[in-house]
Amino acid sequence: MSLFHAPAQSNKEDLDLLSDYQLVSLSNPLSYCDRLRIRRPGDSTFALGPHIDGGGVERWEDDAFRGVWSNILKMDSKGEIDWKQYDSWSLGPNSERLEAETDMYGGAGACSVFRPLQGWLSMSSTGANEGTLQVLPFLQSATAYIILRPFFRHIRELKDCRGGQNEYLAAQNWLFDTDDPHFQGCTLGRNIELDATTHPHLRLEETMTNIPRVEPGDCAFWHCDVVHAVEKQHCGKAEQDSSVIYIPAIPLTKYNFDYVLAQTSYFLGGTPPYDFPGGDGEKHHIGRGGMQDIFDARGQRAMGLADFKLQASTSKAERRLIEACNILI
Amino acid sequence: MTIRHGKAYSSPTTATQSLQSKSGLIVSPLRAKKRIHKEEGTIASVFATLSGGSLSDALPDRFRDLKKNIVQTELHAKALQKAWVQILAQLERETAEVIEEGESLIPQVQYPGDKIAINQSLDQWIDNETLGNIKKRGTFIVKGVIPEQTALKYKQDIQEYILANPRTKGALYIYFHPSLINLIDRD
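Everything numeric in this text was worked out from a predicted model, so none of it was measured.

Criteria and cut-off values
Residues numbered from 1 in each chain as written. Chains lettered and ligands numbered in written order. Predicted model: local features only at pLDDT ≥ 70, side-chain atom pairs only at ≥ 80, totals over all residues. Heavy atoms only, no water. Helix = DSSP H or I, 4+ residues; strand = E, 2+ residues; numbered from the N terminus. Buried < 20%, exposed > 50% of the residue type's maximum accessible area, 1.4 Å probe, protein only. Contact = heavy atoms within 4.5 Å. Areas by Shrake-Rupley, 256 points an atom, 1.4 Å probe, with all protein chains shown as cover. Axes fitted to C-alpha atoms, helices over the stretch in contact; angles between N-to-C directions. Parallel < 35°, antiparallel > 145°, perpendicular 65-115°, else oblique. Left-handed = near helix turned anticlockwise from the far one by under 90°. Nonpolar A, V, L, I, M, F, W, Y, C, P; charged D, E, K, R; others polar. Pairing = 2+ DSSP bridges. Salt bridge = Lys/Arg side-chain N within 4 Å of Asp/Glu carboxyl O. Phe/Tyr/Trp six-rings, centres within 6.5 Å; stacked < 30°, edge-to-face > 60°. Lys NZ or Arg CZ within 6 Å of the ring centre and 35° of its normal.

Engineer: Is there a simple way to explain the overall build of chain A in this structure?
Structural biologist: Counting its secondary structure elements, chain A contains 10 helices and 13 strands. Per-residue burial over chain A gives 66% buried out of 329 residues. A separation of at least 24 residues holds for 76% of the contacts in chain A among residues at least 6 apart in sequence. For chain A, the exposed area adds up to about 11,400 Å²; of that, 48% sits on carbon and sulfur atoms.

Engineer: Help me understand the packing of helix α5 (residues 140–148) of chain A against helix α2 (residues 74–101) of chain B, please; the structure alone is not making it clear to me.
Structural biologist: Two quantities define a packed helix pair, namely the angle between the helix axes and the distance between the axes. Where α5 of chain A contacts α2 of chain B, the axes come no closer than 9 Å and their chain directions differ by 135°. Between α5 of chain A and α2 of chain B, the angle is such that the two are oblique. Classified by chirality, the crossing of α2 of chain B by α5 of chain A is left-handed. In this structure, α5 of chain A uses S141, A142, A144, Y145 and L148 of chain A to contact α2 of chain B, whose residues at the interface are L80, A83, W84, I87, L88, Q90, L91 and E94 of chain B. Among the residues forming the contact of α5 of chain A with α2 of chain B, the class breakdown is 10 nonpolar, 2 polar and 1 charged.

Engineer: Just checking my understanding: could you explain the pairing of strand β3 (residues 48–52) of chain A for this structure?
Structural biologist: Consecutive residues of a regular strand have side chains that alternate between opposite faces of the sheet. All names here are of chain A. Extensive coverage of β3 is indicated by the burial of 4 of its 5 residues. Two elements, β3 and strand β11 (residues 228–230), share 2 bridges in a ladder whose sense is antiparallel. Directly across from H51, in β11, lies its bridge partner H228. In this structure, β3 lies alongside strand β8 (residues 192–193), joined through 2 bridges in antiparallel fashion. Within β8, the position partnered with I52 by the bridge is I192.

Engineer: How do you make sense of the side chain of T143 of chain A when you look at a structure like this?
Structural biologist: Position of T143 of chain A relative to the elements: it lies in helix α5. Looking at T143 of chain A, the relative accessible area reads 6%, which means it is buried.

Engineer: Sorry, what's going on with the pattern of salt bridges here?
Structural biologist: For side chains bearing opposite charge, pairing can occur when the charged atoms are close. If you walk through the whole model with that rule in mind, you get 14 salt bridges over all chains. Among the ionic pairs, E167 of chain A bridges to R156 of chain A, the shortest N-O distance being 3.4 Å. Residue E167 of chain A is located in helix α6 (residues 164–169), and its partner R156 of chain A is located in the loop between β6 (152–154) and α6; the two are separated by 11 residues in the primary sequence. When its relative accessible area of 40% is taken as the criterion, R156 of chain A is described as partly exposed. Note that K68 of chain B is salt-bridged to D179 of chain A, the shortest N-O span being 2.6 Å.

Engineer: Please explain the sheet that holds β3 of chain A as it appears in this structure.
Structural biologist: Within a sheet, adjacent strands bond to each other through the backbone by hydrogen bonds, running parallel or antiparallel. The strand order across the open sheet formed by 5 strands is β8-β3-β11-β5-β9 (chain A), and the pairing between neighbours is antiparallel. On the outer flanks of this sheet lie β8 and β9 (209–210) of chain A, each paired with one strand and no other.

Engineer: Explain the packing of aromatic side chains to me, please; I cannot follow it from the model alone.
Structural biologist: Each aromatic ring pair is specified by the distance between its two centres and by the angle formed by the two planes. Taken as a whole and assessed by the stated rule, the structure comprises 11 aromatic pairs over all chains. Aromatic pair F151 of chain A and F176 of chain A: ring centres 6.4 Å apart, planes at 5°, arrangement stacked. You can see F151 of chain A sitting in the loop between α5 and β6 and its partner F176 of chain A sitting in strand β7 (residues 174–176), a full 25 residues away along the chain. By relative accessible area, F151 of chain A is classed as buried at 0%. For the ring pair F152 of chain A and F176 of chain A, a centre distance of 5.6 Å and an interplane angle of 80° mean the geometry is edge-to-face. With F152 of chain A in strand β6 and F176 of chain A in strand β7, this residue pair connects regions lying 24 residues apart in the sequence. Per residue, the accessibility class of F152 of chain A equals that of F176 of chain A, and both read buried. Through successive ring pairs, a cluster of aromatic residues spans Y145, F151, F152, Y168, W174 and F176 of chain A together with W84 of chain B. The ring of F183 of chain A has K67 of chain B sitting right over it, with the charged end atom 4.9 Å from the ring centre.

In structure tokens form, the structure reads like this:
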């Protein structure tokens, strides 16, 4: 998480203008209880097409979320769009990522906490054609394209292009348009799904790339805006499964902390945290984890059960955030 | 909805005032996010294409207004068109590289051991070039975070747990198994 940076809180004079909800401590992880996946060979029901988590149409509709893409959507002082200035690893000039509303429609799978990085721990040896993770392995131009895509439509359909895909994808075949309410890949309450029709220039059928083979004990991580998918086929040997545990660390922010406090009380009661579909969950399960399993101070802090520690190197912004959270424990 | 453990919450900066942030939002001490109770569901309910919907389903008309609100002037439209052309050109290069190079583009680093990983940030044990690649590609693998045998033991523990609790609806709904909690420390 130290790959990310928060420009808004590095400028000391402006700190007083920020509310506690705009602060982040990237070095103090909280735990977000997430799921695990065990996929058997031949199991194609779990295949997920290319998508991005953490918000669908909210990327444009929510003011703060839209602010994350200012370099891509807004003109600079010269009247140009300087999209190459867009930094996927910045939380936004005003920490827009922390305030962004990623779930405006109560989506079943939506995540209400800010997760800058997604990741999992592998419990199996998994490679190509064995149900592994696939990603589109570049960020800046892919994000810029995805953000601008709803504002452009093709003139000629692919089937009407005598020059085939090259003619279809050429810039001359695309027109600026704001008359169409479509936001390609988005339906209310869901994440954004991408394919050859919605985002043809990404050439997803050819560019979705398997991650390299992973062994038990290896971890994979991807930035929250990375287009990713789970391979369609699991053609591995009969006794081989493809199993991962999603890694539950999220950065300390006021909002995430509020969430973790609620999660901790659910943890002690055994029902799923409110981000997840409801039901009784594990309330009646044997061997369910309890307090005795959170074995040390770091684990306890990550669950909101012990104070966060201030260190000499803690920045002023983080200090304020930590103090605000410690009051609540 | 938040839980306060019976303590009164007050913050010196936001208790009584709502702040106007630089982005123009009014921010109040407890951000009023919608807390819609979620039905018990499956992964299909999360993805439009898995639940019988189609990606071409149009959104309500107000989304047309949203677009017109975002781009209000001819000047702005022209600037976006120019950017679009540049982006398409960049995409042509990037996609060609991905098609050519494939999975070798995805950076892999070796886990440096708990002591270093816990006490140092990533940029202190990963070289600049690799770090640059990680930022560009957005995806990376960390090899050997926990010993292979330990990971296999986790899987075994989980499988035994599932067997002991047959009402579980598949592996997706186990949240609080002890081995998951032991992973909290790994960042």
